[in-house]
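Chain by chain, the residues:
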Amino acid sequence: MDNPWTDDDAPPRLSPEDIRAELLRLRQGPALGHPGAVAALSDPLRALLLARTPALSNAASETTRLVASLRRAIDALTPYERRYAAADSNLLGEHSWPSLTERQESLARVLRCSPKTVRRHAGQALDALALLIADGSYVAEPPPPGSYSPVPTKRDGSSASPPPPAWT
C-alpha cells in the first residue's frame, strides 16, 4: 500500500516507548473522563494523533479530535486488552473513578482478581496501545460498530466474553 503522506505533511515519528510514557501520564487522575487532560500531551504526539484522526465536523475542537483518535486506537485493541485500556483511560462508566488506582481496584473486584493482576494486564494493554499509535495500524480500518463497549456483557452484568488467557 502506498504511503498517503508526502514528506511535507508526514506525521511525526515517535517511538512506542515515548508514546507509552505519555499514555502513562495521561491515565493518571481522571484521564479521558476529563477530555481536557489531552492538552498535556506533547506537541509531537498531538500532531501524530491529529494527523490520523478521521474527518470530523469543522467545528470539532482539537480536544474532541484528540479524544476521538485515542478512543479509536483503544477500540482497535483486542477485546481483552480493550477492557483494561478503557478502564485505565476512564472510558467505562462502571469503573469511572477520579484516580487510576480506584479504577483498577474497581475492575479487579468485577474480575475477582488482585489489583496487582489488573495493573500487570493494564501495562500489557498500554504497551499494545502504544504500538498501535506508533505504527498507525488502528487507522487502517474503521472501528467495529458498538466498539465503545469494551467488553460485551450479559443482562446480569457479567462478561459475555471468554475468560482471559492464563498469562504468566
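Within every chain, residues take consecutive numbers counted from 1 along the sequence as written. Local features in this predicted model are restricted to residues of pLDDT 70 or higher, and side-chain atom pairs are both shown and tallied only at a pLDDT of 80 or more, whereas totals for entire chains, interfaces and linings draw on every residue. Only hydrogens and water are removed before side-chain values are computed, so all heavy atoms of the structure are retained for them.

Engineer: I tried to follow the side chain of Arg103 on my own but got confused; where do I start?
Structural biologist: Each helix is a run of DSSP H or I of at least 4 residues and each strand a run of E of at least 2, with the numbering of both proceeding from the N terminus. On the secondary structure map, Arg103 appears in helix H5 (residues 100–111). For the purposes of these results, a polar contact is taken to be a pair of N or O atoms within 3.5 Å, where, inside protein, one atom must be able to donate a hydrogen and its partner to accept one; residues adjacent in sequence count only when each atom of the pair is a side-chain atom. Among the polar contacts made by the side chain of Arg103, one reaches the main-chain carbonyl oxygen of Asp88 at a distance of 3.1 Å. In what follows, a contact means two residues having at least one pair of non-hydrogen atoms within 4.5 Å. Not counting residues within four places of it along the chain, the set of residues in contact with Arg103 comprises Arg27, Gly29, Pro30, Ala31, Ala87, Asp88, Asn90, His95, Trp97 and Pro98.

Engineer: What exactly am I supposed to notice about the nonpolar core here?
Structural biologist: Note on soluble globular proteins: their nonpolar side chains tend to be buried together. Only buried Ala, Val, Leu, Ile, Met, Phe, Trp, Tyr and Cys residues count toward a nonpolar core, and they belong to the same one when joined by side-chain atoms within 4.5 Å. Think of it in three bands: residues with accessible area under 20% of the maximum for their type are buried, residues over 50% are exposed, and the middle band is partly exposed, with areas taken using a 1.4 Å probe on protein chains only. In this structure, Ile19, Leu23, Val38, Leu45, Leu49, Leu70 and Ile133 are the most contacted members of the largest nonpolar core, which totals 37 residues. Those elements that place two or more of their residues in this core are helix H1 (16–27), helix H2 (43–51), helix H3 (62–75), helix H4 (79–88), H5 and helix H6 (115–135). The element contributing the most residues to this core is H6, with 10 residues. Every residue in contact with Ile19, bar those within four places of it in the chain, is listed here: Leu14, Leu45, Leu48, Ala130, Ile133 and Ala134.

Engineer: I'm lost on the packing of H1 against H6 in this one. Help?
Structural biologist: Geometry of a packed helix pair, given as the angle between the helix axes and the separation of the axes. Viewed as axis vectors pointing N to C, H1 and H6 meet at an angle of 125°, and their least axial separation amounts to 8 Å. Taken together, the axes of H1 and H6 are oblique relative to one another. As for the relative orientation of H1 and H6, their crossing is right-handed in sense. Facing H1, whose interface residues are Pro16, Ile19, Arg20, Leu23, Leu24 and Arg27, H6 presents Ala122, Gly123, Leu126, Asp127, Leu129, Ala130, Leu131, Ile133 and Ala134. All amino acids are sorted into three groups, where Ala, Val, Leu, Ile, Met, Phe, Trp, Tyr, Cys and Pro are nonpolar, Asp, Glu, Lys and Arg are charged, and the leftover types, Gly among them, are polar. Grouping the constituent residues of the contact of H1 with H6 by class yields 11 nonpolar, one polar and three charged. The axes used here are C-alpha line fits, helices contributing only the stretch in contact, and every angle between their N-to-C directions lies in the interval 0 to 180 degrees. Working definition: roughly parallel below 35 degrees, roughly antiparallel above 145 degrees, roughly perpendicular at 65 to 115 degrees, and oblique for all remaining angles. Here a crossing is taken to be left-handed if its near helix is turned anticlockwise relative to the far helix by less than a right angle, and right-handed if that turn runs clockwise.

Engineer: What's the story with the pattern of salt bridges in this structure? I'm lost.
Structural biologist: A pair can form between side chains of opposite charge whenever their charged atoms are brought close. By definition here, a salt bridge exists when the distance from a side-chain nitrogen of Lys or Arg to a carboxyl oxygen of Asp or Glu is within 4 Å. Applying the stated criterion to the full structure yields four salt bridges. Residues Asp43 and Arg46 are paired through a salt bridge, measuring 3.7 Å at the closest nitrogen-oxygen approach. Remark: Arg46 and Asp43 occur in helix H2; sequence separation between them is three residues, near one turn of the helix. What emerges from the salt-bridge pattern is a single network uniting Asp43, Arg46 and Glu62.

Engineer: How do you make sense of the packing of H4 against H6 when you look at a structure like this?
Structural biologist: Where H4 contacts H6, the two axes come as close as 8 Å, and the packing angle between them is 100°. Considering their axes alone, H4 and H6 lie roughly perpendicular with respect to each other. Only Val118, His121, Ala122, Ala125 and Ala128 of H6 make contact with H4, whose side of the interface consists of Tyr80, Glu81, Tyr84, Ala85 and Asp88. Considered class by class, the residues forming the contact of H4 with H6 number seven nonpolar, one polar and two charged.

Engineer: Mind showing me how you'd approach the packing of aromatic side chains here?
Structural biologist: Aromatic pairing here means that ring centres of Phe, Tyr or Trp (its six-membered ring) are within 6.5 Å. Orientation follows from the plane angle: under 30 degrees is stacked, over 60 is edge-to-face, and everything else is tilted. Applying the stated criterion across every chain yields a total of one aromatic pair. Seen from their ring centres, Tyr80 and Tyr84 are 5.3 Å apart, and the 70° between their planes marks the pair as edge-to-face. On the criterion of helical spacing, the pair formed by Tyr80 and Tyr84 is a turn pair, its members being four residues apart in helix H4. Accessibility expressed as a relative area gives 3% for Tyr84, which makes it buried.

Engineer: Honestly, H3 in this entry has me stumped. Any pointers?
Structural biologist: Because each turn of an α-helix spans 3.6 residues, side chains separated by three or four positions in sequence point in the same direction. In this model, H3 (14 residues) spans 20 Å end to end at C-alpha, consistent with the 20 Å of a helix rising 1.5 Å per residue. Turning to H3, its buried residues are Leu66, Val67, Ser69, Leu70, Arg72, Ala73, Ile74 and Asp75. The inward-facing, buried residues of H3 contact H1, H2, H4 and H6. By definition here, a helix of n residues has an expected span of 1.5 Å times n minus one.

Engineer: Would you explain empty space enclosed by the protein in this entry?
Structural biologist: One water molecule sets the probe size; rolling that probe over the atoms shows where empty space is left. Site definitions follow a grid-based scheme: protein atoms alone, a 1 Å grid, a 1.4 Å probe that fits but cannot get out for cavities, and for pockets an open set with protein on both sides within 12 Å along at least five of seven lines, plus lining residues having an atom within 4 Å of a point. Grid points are joined across faces, edges and corners, and a volume is the space filled by probe spheres set on the points. Inspection of every chain in the model, using the stated rule, returns two cavities of 30 Å³ or more. Counted as a void, the largest cavity has a volume near 110 Å³. If you trace the largest cavity, you find 14 residues lining it, with Arg27, Ala85, Ser89, Leu126 and Leu129 closest to the centre. Those elements that place two or more of their residues in the lining of the largest cavity are H1, H3, H4 and H6. Its residues assigned to classes, the lining of the largest cavity comprises 11 nonpolar, one polar and two charged.

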